[in-house]
Amino acid sequence: LANSWTFWCESHQPRGRTTEEYRDGLQEIGQFETVNGFRRLWEKKDEASRLRLRMFKTDIVPTWEDEANVEGGSLVLKIDGRRAYRPWE
């Protein structure tokens, strides 16, 4: 891959939270630089992390306040919970 990537998990928090509360609810799951690294990380994530995963280039925090995200957008992929362990089938 051309870049290093980081998976983040967002804990479930109520709407209307502050940026600080949102940041406190983020947990870095791990980083990868290859397709095999992605696969290993995907396979080792726990059940809770499947719910709200964020994938960003390493060194970019998943918040709108991060300078790299100011003009950014989002791509949302929804995977049926029964297929979360086998998304490529």
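Residues numbered from 1 in each chain as written. Predicted model: local features only at pLDDT ≥ 70, side-chain atom pairs only at ≥ 80, totals over all residues. Heavy atoms only, no water.

Chemist: Could you give an account of the side chain of Thr58, with specific residues and numbers?
Modeler: Inspection of the secondary structure puts Thr58 in the segment after strand 3 (53-57). Polar contacts involving the side chain of Thr58 include one to the side chain of Ser4, which spans 2.8 Å. Here Trp5 takes part through its backbone nitrogen, which lies 3.3 Å from a polar atom of the side chain of Thr58. Setting aside chain neighbours within four positions, we find Thr58 in contact with Ser4, Trp5, Thr6 and Gln31. (Helix = DSSP H or I, 4+ residues; strand = E, 2+ residues; numbered from the N terminus. Polar contact = N/O pair within 3.5 Å; in protein donor to acceptor, adjacent residues only side chain to side chain. Contact = heavy atoms within 4.5 Å.)

Chemist: Quick rundown of the pairing of strand 1 (residues 5-10)? Include the residues and the values.
Modeler: Of all the 6 residues making up strand 1, 5 are buried; the element is thus mostly covered by neighbouring parts of the structure. As judged from the 6 bridges shared by strand 1 and strand 2 (residues 26-32), these two strands associate in the antiparallel manner. Bridged to Glu10 within strand 2 is Leu26. Of the strand pairs in this sheet, strand 1 and strand 3 are connected by 5 bridges, and their pairing is antiparallel. Bridge pairing links Cys9 to Leu53 in strand 3. (Buried < 20%, exposed > 50% of the residue type's maximum accessible area, 1.4 Å probe, protein only. Pairing = 2+ DSSP bridges.)

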